[in-house]
Amino acid sequence: MPASEAFRPLVLLALLGLATMVLSVSVGSAGLSLADTLAALTGSGSELNRTLVLELRLPRTLAAFATGGLLAVAGALMQVLLRNPLADPYVLGLSGGAAVGALLSMLAGLAGVIVTASAFGGALLSTLMVFGLAHGTGSWTPSRLLLTGVVVAAGWGAVITLMLAIAPTRDLPGMLYWLMGDVAYAGTPWPAFVLLLLACLLVLPAGRSLNVLARGPLQAAALGVNVRPMEWGIYIGASLLTATAVTTAGSIGFVGLVVPHMLRLLLGNDQRVILPACALGGGALLVLADTLARVVIAPEQLPVGVITALLGVPTFLYLLYRSR
Amino acid sequence: MSKNGLTTMVFLLFLLSPASVVAQPGCVHDALGREVCLDKPAGRIVSLSPGATELIFSAGAGDALVGASAWSDYPPEARELPRVGNSDRVDLEAILALEPDLVVGWTDGNSRAQLDRLPELGVPVFWLAPRTFEDIAAAVKTLGLLTGHPELAERQARDFLAGIEALQSRHGASEPVRVFYQVWDQPLMTVNGEELISKAIQVCGGTNVFTDLPRLVPRLSVETLLAANPEVIVTAGRGEADQSWLERWRDYPTLAAVASDNLFLVSPDLLQRATFRMLDGTRELCDLLEQARARL
């Protein structure tokens, strides 16, 4: 396949992403006209409209795109690493670690940046724990990593339930809100966005090795890939992407599991195409889902995870049914 | 009238109602200990819980409300207010579009993480968390200060506390009865001594059998309840006239409350919202406990 043809889907996905972002910035419960929105974007218009567009909708849209992209790329990497189609960014317990971090700081009466920081800390702690435990004393295998991660995740799940059961009433609304996931926690979308760009730039040159690794470690080793460092690199990289996504928007399910599969069904399994496609497709899906979540039954707001699943499940099942 | 006399009168009026003349609410502290400062009385308020809506009306500032969260249904005027979403997940865009100069939140219903965006965008948030009758009165007084009706709010708050004190002096020293307040059926939930309902029970001369549990709204097993053996069971049930939550206890005829037929239904909104209507709810509860004493 000539390079230009392989990258045509990426251009299409980029256009799709852009279209969802335009939609997301121009619709909302305040009902601004397209002209109002454009005026606000260019810095004119009333102060209220500028606040609505520039300080609520735009950061939220960018955060949704970056988070969706990060989750989908992380999911694709985990699926390559674990050679397991059920792997998603949270399969190794990372979102549980982040949630425990965030909830602990809320129980301590803290708010804002500190909650975000402790969610990130919890995610990294969980990553290191799984890393250390999976390494153990013997040899390391992806299935051992998977098993360690799944058990650690179950442990976090129990800790979260326990914390909710004993939390004082006044902290509960905030904790439940965090656990449901929402694209508007972090004040700024930029850390997530910059990391997404960096990840795409770093992953592209490794695409060929990832393709070989996806076929199995023995083939990869035979073909001259330095398997062990590569696998740890993927693990740490994917964890960092997920940790950033979780601290931006809480644990939003489904994007990281299904977007990589959908794109593989559509585009084939070439990591050089799939990974950037995941960044664009995951971003577009989450932006669209978040837009729907905030306007379908406005002013009531739906948790965004509900919409990602409602949009993703039928699309994915259709693609799977059609494939042979 | 001489010019001097007029000046004196104006001065006296000024002394009598200082805050209505000096329209400077200044700074107050909210339930989270945060300072909320306004340079003029709030005239466009968004309330984010049904209880907060009621307290704002009680403070005489109902006219200043421009929006409220779902379920804000009392007083009836509140039903007409534009909605800004459910308490646990509000629509920030809808709030900002109403251009409020004050947003009133409630710690037991709203998410801090979400509302903390508002001060960043220039909208002050005043948090409420009333846990005592004095807290309710103080909340109304502060809301009166923030909205420029301090005397009215002060008077309302005084009347409310006086009403509670009257109930306390009439029933507080009566023969103590042991009361179980059933918040929910499955899972079985009650309140501990910190909760306002428990304080209402105390005012009426009752004792909450689960006062000492550590959580505000503890979950219980039926076994724990049978061991506590309350003399009275009170619940608001699922709404008016739904006796099913009480009927289930008749399976345990040895329970003191069942043996004496002390199973009572109260109006949910009167006891379960921390507002001035607690006074009516507490009065209703006191009457029920008097009935219960007669049956024991």
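What counts as what
- Residues numbered from 1 in each chain as written.
- Chains lettered and ligands numbered in written order.
- Predicted model: local features only at pLDDT ≥ 70, side-chain atom pairs only at ≥ 80, totals over all residues.
- pLDDT = per-residue confidence, 0-100.
- Helix = DSSP H or I, 4+ residues; strand = E, 2+ residues; numbered from the N terminus.
- Contact = placed C-beta atoms within 7 Å.
- UniProt positions renumbered as here; feature names shortened; annotations may be inferred.
- Buried ≥ 20, exposed ≤ 12 C-beta atoms within 10 Å, placed from the backbone.
- Pairing = 2+ DSSP bridges.
- Axes fitted to C-alpha atoms, helices over the stretch in contact; angles between N-to-C directions.

Visitor: An account of the confidence of the model for chain B is requested, with residue identities and associated values reported.
Guide: Residues and elements named next belong to chain B. Summary statistics for chain B give a mean pLDDT of 89 and a share of 91% for residues scoring 70 or more. Per-residue pLDDT, averaged within each element of chain B, yields its smallest value for helix H2 (residues 18-21) (38) and its largest for strand E3 (residues 45-47) (97). Considering only residues more than four positions removed or in separate chains, one finds that residues 9-23, a stretch of pLDDT under 50, has nine contacts.

Visitor: Break down the UniProt feature "transmembrane region" (unreviewed entry) in chain A for me, with residues and values.
Guide: Residues and elements named next belong to chain A. Per the UniProt annotation, the sites labelled "transmembrane region" (unreviewed entry) are residues 62-82, 89-108, 114-133, 145-167, 187-205, 234-261, 273-296 and 302-321. Within the segment residues 114-133, helix and strand shares are 100% and 0% respectively, and the terminal C-alpha atoms sit 28 Å apart. Structurally, residues 302-321 comprises 90% helix and 0% strand, and the distance from its first C-alpha atom to its last is 29 Å.

Visitor: Please provide a residue-by-residue account of the pairing of strand E7 (residues 102-106) of chain B, values included.
Guide: Residue and element names in this part refer to chain B. Burial analysis of E7 places five of its five residues in the buried class, the great majority of the element. Here E7 shows a buried face lined by Leu102, Val104 and Trp106 and a second buried face lined by Val103 and Gly105. Where E3 lies against E7, three bridges are found, and the strand directions are parallel. Considered in E7, the bridge of Val46 is made with Val103. Where E7 meets strand E8 (residues 125-128), four bridges bridge the pair, whose relative direction is parallel.

Visitor: Go over the sheet that holds strand E11 (residues 232-235) of chain B with me, naming the residues and quoting the values.
Guide: To summarise the sheet geometry, strands pair through backbone hydrogen bonds and adopt either a parallel or an antiparallel arrangement. Residues and elements named next belong to chain B. Spatially, E10-E9-E11-E12 is the arrangement adopted by the four strands of the open sheet, whose pairing is parallel. The two strands at the open ends of the sheet, each matched to only one other strand, are strand E10 (206-208) and strand E12 (263-265). Averaged over all pairs of adjacent strands, the angle between their axes in this sheet comes to 35°, without regard to strand direction. Here E11 pairs with E12 via three bridges, running parallel. Bridged to Ile233 within E12 is Leu263. Where helix H9 (residues 196-203) meets the sheet, its contacts fall on strand E9 (177-182) and E10, and the angle it forms with E10 comes to roughly 150°. Of the strands in this sheet, E9, E10, E11 and E12 touch helix H14 (residues 278-295), which is tilted by about 155° from E11.

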